[in-house]
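Observations on the model geometry
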Amino acid sequence: MTLRSTPTRSRLLAATTAIALAFGATAPASAETLAQLTVGTDVDAGTLDPRLARDTTAFRVADLVYSGLVQLTPDLEPVPELAESWDSPDPQTIIFTLREGLTFSDGAPLTSEDVVFTFETILDPDFNAPQRALYMPIDSIEALDERRVQFNLSMPFAPLLSYLDIGIVPKALVESGHDIALNPVGAGPMRLASWDRGSRIVLEANPNFWGDAPVVERVTMQIIGNNTARAQALEAGDLDLIQSPLAPQDISRLSRDDRFGNAIMSGLGVTYLNFNANDPLLADPAMRRAFAMLVDQETIVNDIYEGVDTIANGVILPSSWAFSDEIAQPTFDIEGAVSAFAELGWTDSTGDGFLDRDGERLSVTLATHSEDPNRVQSVEYLQAIFTMAGIDAQVRLSDWPSFSTGYVQQSEHQIALLGWLNIVDPDRMLFGQLTTDGPLNWGGYSNPEVDAALQEGRASLDQEARAAAYQTAAAIIAEEVPYYIISFQGFQLFYNADLPIEVTASPRGYLRGVVLPD
Amino acid sequence: MLSYTLRRLLLLIPMGIGIVVVTFGLMLLVPGDPAAVLLGQEASAEAVASLRRSLGLDNPWYVQLWDYFTGLLRGDMGVSIFQNQAVSAIIWSRLGATIELAVAALVVATVIGVALGVLAAMRQGSWIDTGAMLFAQLGVSMPVYWLGLLLMLFFAVQLGWLPSIGRGAPLTEAFADLFRGNVATLQHALTYLLLPALALAANSAAVISRLVRASMLEVLREDFVRTARAKGLRPPRVVWRHALRNALLPVLSVVGVRFGTLLGGAVLTETIFAWPGLGQLTIAAISQRDLPLIQGLVLTFALLFALVNLVVDLLYAVVDPRIRLD
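Please read these numbers as outputs of a predicted model, since none were measured by experiment.

With respect to a nonpolar patch on the surface
All names here are of chain B. Judged by side-chain polarity, Tyr-145, Trp-146, Leu-150, Leu-153, Leu-268 and Ile-283 come together as a nonpolar surface patch covering roughly 510 Å² of accessible area. For the nonpolar patch, the element with the highest residue contribution is helix α7 (residues 144–158), accounting for 4 residues. Following the sequence through the fold, Trp-146 ends up in helix α7. You can call Trp-146 partly exposed: its relative accessible area is 45%.

Here it is in structure tokens:
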């Protein structure tokens, strides 16, 4: 989504006209540049080493400071970045050819050795790269010459291209002991000017960038932990741009304010219920389906989330090439759910208002984490609906580490509300999560047909065949409900409408569409 | 007084040991593995186990605790799991901001609290008294994060008088500039400091105003006040010079205790106003289960609190000659 704004105010910026002549060549007649762009962000980056990035700010800064072999467009299409082209002589081999004359921001040359080093360190188990699992099908990487690098895969792995936008790091510098986590050196459009931990990260244009020069000279990422405070800082004029995560209430207010331009689009995340199939109560798909019929998506999405997300129909994002509107999860139907429970033997035989079977009351625990008030409200609302249907529903709230690593990931939950982010390829949200014994399959779901479809989805290099495989898996998942996808998360970006540059939003919150010329 | 001060300083050692043990125990009891948090949702169990090994988290708790204590004796507070930097360096880089905010809030709270308390006591039963006590009730009951957002909305968004977020130059630098004849740096720093300091001070100002009012009402009925009035001293002089000095002793002890509350409140205030101090850091460290950083922060907060209370106790002896410290 590209939005054009008109310059009318010059308070925060020094709009300058770029000099049109460079060494005798004629450059575009005039292009407006921005001296300073201040962006509000929710957390400080834990590291600025792209191989170790794990938080939104680290990813967003790394995208500006580093360049990957490919770049994902806002539509998630991999396009050439450092690699000018690539070729697949067989399904398990990809050879990338780097652009000529690439350098890092310190002027050192960038070669295929740097690419090999980047991925070998990511794959090294002792390096503890958070995203290592994404690259596991890479068997080996070889530098064929200075500009060509060959990836040998242990199996055909179609999603790999979507993951190859991770930043390439300078081998010689890192091996000399330079800590790129604190002082990053990459080949992206910006470079680090200063980092005031916990307060702000200041980036400046990288004069050695291989592509067109950025139209923003300095970017300050101002860290403001509170979502509403971040929105108010934009309204006060102390920030130029903010983006998700934002509170639904602030989104509604800002989107009605014509001082701000906005980009409101589908994001790359889902909010879902994780059903624990290992739990005796939830082992039967029919039982999970009956519970799923009690999920009032309409109220959760439109009232609690104030319509910033959209109602989901299954596990494939609407922005994905694999999406199909024919996938259908169970929909909200209290009476239908009560009938389904009755068919499974759960009735109110004692007249106490709760369903029971063999003298045992139908009890279930709904859990989520306490940091997100909308998720808490959603779970409390579900508790009320469950109770109306005759289920003794309890709510369990705890902070994120207790909830995720100490509870759901230990498979101690029954029904847990949480989310997945960064789903740049359907494989990323499905393979590890829903194949038998998958590393992220915390609910212990197992279905050989789903396993086969997800395996085909990642192995086939034909996008149509992949889409068909994911749709097959999605249909079974919607029927058996190991996951119930409540909503497709929205992505929102707001910016000062007086900025004299084009703002092109990316659903990942990456800022190249803002700092680089269109 | 010197031996008293030394004794109190020595007492900080067992206190520090106790705090480390209790914090360590609490973090062991709270679910949530820092290695799993660090690696994120997509990490495999093997990757988490490998990271636990490299961080030493798979050692028995007593080994981890012993390592921490021996490190402390060498002046080493460990390395932050998430920031991969020395805990002492991280804390030191942010300590000034939090002390600046807490001290500014303490000054604001004391000035507002004493002024309101005295006025309310002087005009007991009047609308001034009612207004002051209404303010006190509001100040006590309003959560600091809510008040912070309201102040930001009014003064930064609606009126545009003050910046909504961030910190200007450190006050130490601003005062140094002032002595060189440059007022602008101080003005700039104060515009950033005012809103967070006000938000943080409101609760303490309310408590202090109630205490001053009660204490002043008692003192104003004392014989020496009547004598002073009978001697023909002007009422303001009686109140501000004679009565207030005697009414301030209980206030002094409260101010010491309030410093702890202010440090706690700073955790939330800093998050709202993007104030780069220890408070923001604490929130992040707890949510990431960054144990070495949490230990260092708790220890720092406790030492700050203990030192401020020691200073307050020493001030007692200065303010009230009847008190002897030995």
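Moving on, there is more to tell.
Overview of the pairing of strand β13 (residues 200–205) of chain A
Residues and elements named next belong to chain A. Across 6 bridges, strand β12 (residues 190–196) lies against β13 in antiparallel orientation. Note that in β13 the partner of Trp-195 across the bridge is Ile-201. The hairpin formed by β12 and β13 contains 3 residues between the paired strands, and Gly-198 there has a positive phi angle of roughly 80 degrees.

Focus on the environment of Val238(B)
Within the secondary structure, Val238(B) is located in helix α11 (residues 235–273). Taking the C-alpha atoms as reference points, Val238(B) and Phe224(B), 14 residues apart in sequence, are found 9.7 Å from one another.

A closer look at a positive patch on the surface
Where like charges cluster on the molecular surface, the positive patch consists of Lys231(B), Arg237(B), Arg241(B) and Arg245(B). Relative to the elements of secondary structure, Arg245(B) occurs in helix α11.

Looking at the layout of surface pockets
To find the voids left in a structure, one rolls a probe of water-molecule size over its atoms. All names here are of chain A. Space inside the second largest pocket adds up to approximately 540 Å³. Gln-71, Arg-512, Gly-513, Leu-516 and Pro-517 are the residues nearest the centre of the second largest pocket, which is lined by 24 residues in total. Breaking the lining of the second largest pocket down by element, the ones donating at least two residues are β6 (70–72), β7 (78–80) and α15 (512–515). Partitioned by chemical class, the residues of the lining of the second largest pocket number 12 nonpolar, 5 polar and 7 charged.

Some remarks on the sheet that holds strand β11 (residues 148–153) of chain A
All names here are of chain A. Strand order in the open sheet formed by 4 strands is β8-β9-β11-β10, and the pairing between neighbours is antiparallel. The open sheet has two edge strands, β8 (83–90) and β10 (138–143), and neither has a second partner. Ignoring which end each strand starts from, the neighbouring axes of this sheet average 20 degrees apart. Summarising the sheet, β8 and strand β9 (residues 93–98) pair through 5 bridges and their orientation is antiparallel.

Describing the packing of helix α5 (residues 87–122) of chain B against α11(B)
Residue and element names in this part refer to chain B. It is the contact of α5 with α11, at a shortest axis distance of 8 Å, that shows an interaxial angle of 140 degrees. The angle between α5 and α11 falls in the class oblique. In this structure, α5 meets α11 at a crossing whose hand is right-handed. Here α5 contributes Thr-98, Leu-101, Ala-102, Val-103, Ala-105, Leu-106, Thr-110, Val-114, Val-118 and Met-122 to the contact with α11, which in turn contributes Val-239, Trp-240, Leu-244, Leu-248, Val-255, Phe-259, Leu-262, Leu-263 and Glu-270. In terms of residue class, the contact of α5 with α11 is made up of 16 nonpolar, 2 polar and 1 charged.

So, empty space enclosed by the protein
All names here are of chain A. Under the criterion given, the structure shown has 4 cavities of 30 Å³ or more. Reported here for the largest cavity is a volume of approximately 260 Å³. Along the walls of the largest cavity sit 22 residues, with Phe-59, Asp-165, Ile-166, Arg-508 and Tyr-510 positioned nearest its centre. Mapped onto the lining of the largest cavity, the elements with two or more residues apiece are α1 (56–65) and α3 (160–163). A per-element tally of the lining of the largest cavity places α1 first, with 3 residues.

Structural notes on the nonpolar core
Residue and element names in this part refer to chain A. In terms of nonpolar packing, the biggest core is built from 71 residues, with Leu-69, Phe-119, Tyr-135 and Phe-151 touching the most fellow members. Take this core: its biggest share by element is 7 residues, from helix α14 (residues 463–480). Apart from the residues lying within four places of it in its own chain, the contact partners of Phe-119 are Leu-69, Tyr-135, Ile-138, Ile-141, Phe-151, Leu-164, Ile-166 and Ile-168.

Side note on α1(A)
Counting buried residues in α1(A) gives 9 out of 10 residues, a clear majority hidden from the surface. Within α1(A), burial applies to Thr57(A), Ala58(A), Phe59(A), Arg60(A), Val61(A), Ala62(A), Asp63(A), Leu64(A) and Val65(A).

Considerations on the domain arrangement of chain B
All names here are of chain B. Once the domains are mapped, chain B shows domain 1 (15–76) and domain 2 (88–325). One C-alpha centre belongs to domain 1, the other to domain 2, and the line joining them spans 36 Å. On the side of domain 2, 13 residues touch domain 1, which itself brings 14 residues to the contact. Scanning the region where domain 1 abuts domain 2 turns up 0 salt bridges. Scanning the region where domain 1 abuts domain 2 turns up 0 residue pairs in polar contact (both at pLDDT 80 or more). At the level of elements, α1 (2–29), α2 (34–39) and α4 (61–73) are the ones that each hand at least two residues to the side of domain 1 that touches domain 2. When residues of the side of domain 1 that touches domain 2 are assigned to their parent elements, the largest contribution, 7 residues, is made by α1. Each residue belonging to the side of domain 1 that touches domain 2 can be placed in one class, and the counts come to 11 nonpolar, 3 polar and no charged.

With respect to the packing of aromatic side chains
Applying the stated criterion across every chain yields a total of 17 aromatic pairs over all chains. When the centroid spacing of 5.9 Å and the interplanar angle of 50 degrees are considered together, the rings of Trp400(A) and Phe403(A) count as tilted. Linking Trp400(A) with Phe403(A), this pair stays in helix α11 (residues 400–408), spanning 3 residues, or about one helical turn. Trp400(A) gets classed as partly exposed once you look at its relative accessible area, which sits at 23%. Here the aromatic rings of Phe155(B) and Trp161(B) are separated by 6.2 Å at their centres, their planes lie at 45 degrees, and the arrangement is tilted.

Cut-offs used in this document
- Residues numbered from 1 in each chain as written.
- Chains lettered and ligands numbered in written order.
- Predicted model: local features only at pLDDT ≥ 70, side-chain atom pairs only at ≥ 80, totals over all residues.
- Heavy atoms only, no water.
- Patch = residues over 30% accessible without salt bridge, like charges linked within 9 Å, V, L, I, M, F, W, Y side chains within 5 Å.
- Areas by Shrake-Rupley, 256 points an atom, 1.4 Å probe, with all protein chains shown as cover.
- Salt bridge = Lys/Arg side-chain N within 4 Å of Asp/Glu carboxyl O.
- Helix = DSSP H or I, 4+ residues; strand = E, 2+ residues; numbered from the N terminus.
- Buried < 20%, exposed > 50% of the residue type's maximum accessible area, 1.4 Å probe, protein only.
- Pairing = 2+ DSSP bridges.
- Lys, Arg positive; Asp, Glu negative; His and termini not counted.
- Charge placed at Lys NZ, Arg CZ, Asp CG, Glu CD.
- 1 Å grid on protein atoms, 1.4 Å probe; cavity = no way out; pocket = protein on both sides within 12 Å on 5 of 7 lines; lining within 4 Å.
- Points joined across faces, edges and corners; volume = space filled by probe spheres on them.
- Nonpolar A, V, L, I, M, F, W, Y, C, P; charged D, E, K, R; others polar.
- Axes fitted to C-alpha atoms, helices over the stretch in contact; angles between N-to-C directions.
- Parallel < 35°, antiparallel > 145°, perpendicular 65-115°, else oblique.
- Left-handed = near helix turned anticlockwise from the far one by under 90°.
- Contact = heavy atoms within 4.5 Å.
- Core = buried A, V, L, I, M, F, W, Y, C linked by side-chain atoms within 4.5 Å.
- Domains from an automatic or database assignment.
- Polar contact = N/O pair within 3.5 Å; in protein donor to acceptor, adjacent residues only side chain to side chain.
- Phe/Tyr/Trp six-rings, centres within 6.5 Å; stacked < 30°, edge-to-face > 60°.

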